[in-house]
Amino acid sequence: MADKDGNKIAKDYHVEVPFANQGGFHVKGSNSLDWGMKKHLANIFDPKSGNTVMFAFDHGYFMGSTAGLERLDLLIPELLPYVDVLMGTRGALRTCVPPECRKAIALRTTSGSSMLNDDLSHEVIAVDIEDSIRMNADCMAVQTFVGADGQLSSLDNLSRTINAGFRYGIPTMGVVAVGKQMERTDRFFKLATRLLAELGANIIKTYYCENFEEIVSACPVPIVVAGGKKLPEDEALTLAYRSISEGARGLDMGRNIFQSEHPAAMAQAVGKIVHHGFTDKQAFEFYQDASHQ
Ligand code: 5RP
């Protein structure tokens, strides 16, 4: 029986030692997967840099119309050239994304609450596997609420999605939510990211925090970092730089791109950090130049 109390504290993260059992495929922890799963993951993570720029515009699934996302049909074509993955709802994707676009798709598959609820932690699987297949999704994104009221049902949603994903060869991205009551400490993120990976998620989306390298080290699949609330552009680029320098394999950024005064310049600046080794300072200079063109 599992004990909750009196456990030894984990501390041997060996952050300087590369992940073992990589076996040649460039996506962490995915070497033993089938060809179809690997193909989807290779659509998401650039085989050259190993990293990804995801553009998240799924906020409408619980926020409705959001500042900066009023006209997805106008925004998406402007940003398409500069991102690797589009993360959205099936409604937004089907209505506002040109099907001839060659970018990877991260399909938001859970929903069930809205800004009108005090507790956002109760969701259901809203998109069944057949529709994810029809949408040609490269991964299915499932919101999870570790430590919150909706923990059990959200982990059930995640497990069901992972089971269906393995059946049909579509990866699952487990999204770590932080709510009002949930702590934003490295202790919490270590628990949540590892838990989701052990349940079988192929990608974990989480937040940057202190001791991030240890979180990455202990998580056997790639981590992408959420942008969070809008920051000044230089600070958002520092967040991106720290995340990548400390082992994240990408950013899944929404508001810090689409609420920027210059979304296309910001998306490009993030890409410079993620794929081209720019520092935050270099990327900010790039942003300033690009926003004046
Ligand atoms: C919500 C999500 C959103 O896609 C993501 O958090 C939005 O991006 P950002 O925080 O950068 O605006 O997964 O849980």
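Structure: see above.
Notes on the structure follow. (Residues numbered from 1 in each chain as written. Predicted model: local features only at pLDDT ≥ 70, side-chain atom pairs only at ≥ 80, totals over all residues. Heavy atoms only, no water.)

**Things to note about the sheet that holds strand E3 (residues 104-108)**
Now for step 1: Taking strand neighbours around the barrel as the criterion, the 8 strands line up as E1-E2-E3-E6-E7-E8-E9-E10 in a closed arrangement whose pairing is parallel. Each adjacent strand pair in this sheet contributes to an overall mean axis angle of 25°, direction not counted.
Now for step 2: Bridge analysis of strand E2 (residues 85-88) against E3 gives 4 bridges, and the strand direction is parallel. Among the inter-strand pairings, Met 87 is bridged to a residue of E3, identified as Ala 106. (Pairing = 2+ DSSP bridges. Helix = DSSP H or I, 4+ residues; strand = E, 2+ residues; numbered from the N terminus. Axes fitted to C-alpha atoms, helices over the stretch in contact; angles between N-to-C directions.)

**Points about the environment of Asp 131**
Now for step 1: You can see Asp 131 is positioned in helix H5 (residues 129-134).
Now for step 2: The class of Asp 131 is buried, set by a relative accessible area of 5%.
Now for step 3: When the C-alpha atoms of Asp 131 and Thr 109 are compared, they prove to be 9.6 Å apart, with 22 residues separating the residues in sequence.
Now for step 4: Aside from chain neighbours lying at most four places away, what touches Asp 131 is Arg 90 and Arg 94.
Now for step 5: Reaching out from Asp 131, the side chain makes a polar contact with the side chain of Arg 94 at a distance of 2.8 Å. (Buried < 20%, exposed > 50% of the residue type's maximum accessible area, 1.4 Å probe, protein only. Contact = heavy atoms within 4.5 Å. Polar contact = N/O pair within 3.5 Å; in protein donor to acceptor, adjacent residues only side chain to side chain.)

**Some details on the nonpolar core**
Now for step 1: Counting residues in hydrophobic clusters, the biggest one holds 67 residues, and the most contacted among them are Phe 55, Phe 57, Leu 86 and Ile 204.
Now for step 2: Here this core gets 8 residues from one element, more than from any other, and that element is helix H11 (residues 263-276).
Now for step 3: Discounting chain neighbours no more than four positions away, the residues touching Leu 86 are Phe 55, Phe 57, Ile 76, Leu 80, Leu 93, Val 97, Cys 101, Lys 103, Ala 104, Ile 105 and Ala 106.
Now for step 4: Counting 19 residues, the second-largest nonpolar core is a separate cluster that includes Ala 106, Ala 141, Val 175 and Ile 203. (Core = buried A, V, L, I, M, F, W, Y, C linked by side-chain atoms within 4.5 Å.)

**With respect to the site of the ligand**
Now for step 1: Close to the ligand lie 15 residues; Asp 58, His 59, Gln 143, Gly 254 and Arg 255 are nearest.
Now for step 2: Separating an oxygen atom of the ligand from a side-chain N or O atom of Arg 108 is a distance of 3.2 Å.
Now for step 3: Between the ligand and Gly 227, the relevant distance is 3.2 Å, taken from an oxygen atom to a main-chain nitrogen or oxygen of the residue.
Now for step 4: Partitioned by chemical class, the residues of the shell around the ligand number 5 nonpolar, 5 polar and 5 charged. (Near = heavy atom within 4 Å. Nonpolar A, V, L, I, M, F, W, Y, C, P; charged D, E, K, R; others polar.)

**Quick look at the layout of surface pockets**
Now for step 1: As a volume, the largest pocket reaches approximately 1200 Å³.
Now for step 2: Every residue lining the largest pocket is counted, 47 residues in all, and those nearest its centre are Phe 62, Leu 120, Val 178, Arg 184 and Tyr 207.
Now for step 3: For the lining of the largest pocket, the secondary structure elements donating two or more residues are helix H2 (60-63), strand E7 (172-176), strand E8 (203-206) and strand E10 (250-253).
Now for step 4: If you tally residues by element for the lining of the largest pocket, the top one is H2, at 3 residues.
Now for step 5: Class assignment of the residues belonging to the lining of the largest pocket gives a composition of 22 nonpolar, 13 polar and 12 charged.
Now for step 6: The space that makes up the second largest pocket amounts to roughly 610 Å³.
Now for step 7: Surrounding the second largest pocket, 15 residues form its lining, Tyr 13, Arg 187, Phe 188, Lys 190 and Leu 191 being those nearest its centre. (1 Å grid on protein atoms, 1.4 Å probe; cavity = no way out; pocket = protein on both sides within 12 Å on 5 of 7 lines; lining within 4 Å. Points joined across faces, edges and corners; volume = space filled by probe spheres on them.)

**Examining the pattern of salt bridges**
Now for step 1: The final tally for this structure, using the stated rule, is 12 salt bridges.
Now for step 2: One salt bridge in this structure joins Lys 281 and Glu 285, with 3.3 Å as the shortest N-O distance. Taken as a pair, Lys 281 and Glu 285 lie in helix H12 (residues 280-291) at a separation of 4 residues, close to a single helical turn.
Now for step 3: One connected set of salt bridges, linked through shared partners, spans Arg 90, Arg 94, Asp 131 and Arg 134. (Salt bridge = Lys/Arg side-chain N within 4 Å of Asp/Glu carboxyl O.)

**What to know about helix H1 (residues 35-44)**
Now for step 1: Taken together, the buried positions of H1 are Met 37, Lys 38, His 40, Leu 41 and Ile 44. Burial along H1 is one-sided: seen end-on, the buried residues are contained in an arc of 160°.
Now for step 2: Along its buried surface, H1 packs onto strand E1 (52-56), E2, E3, strand E6 (139-144), helix H6 (151-168) and E8. (Arc of directions from axis to C-beta.)

**Comments concerning the side chain of Asp 186**
Now for step 1: Inspection of the secondary structure assignment puts Asp 186 in helix H7 (residues 186-198).
Now for step 2: Classification of Asp 186 by relative accessible area gives buried; the value is 13%.
Now for step 3: Excluding residues within four positions of it along the chain, Asp 186 makes contact with Cys 209, Glu 210, Asn 211 and Ile 215.

**Considering the packing of aromatic side chains**
Now for step 1: A full pass over the atoms with the stated rule returns 7 aromatic pairs.
Now for step 2: A centroid spacing of 6.3 Å and a plane angle of 80° characterise the contact between Phe 55 and Phe 258, whose relative ring orientation is edge-to-face. Placement of the pair is Phe 55 in strand E1 and Phe 258 in helix H10 (residues 255-258), with a sequence separation of 203 residues. By the burial criterion, Phe 55 is buried, and Phe 258 matches it.
Now for step 3: Each residue in the set Phe 55, Phe 57 and Phe 258 is aromatic and connected to the rest through ring pairs, giving one cluster.
Now for step 4: The ring of Phe 19 carries the charged tip of Lys 28 above its face, separated from the ring centre by 5.1 Å.
Now for step 5: Looking at Lys 38, its charged tip hangs above the ring of Phe 25, at a distance of 5.4 Å from the centre. (Phe/Tyr/Trp six-rings, centres within 6.5 Å; stacked < 30°, edge-to-face > 60°. Lys NZ or Arg CZ within 6 Å of the ring centre and 35° of its normal.)

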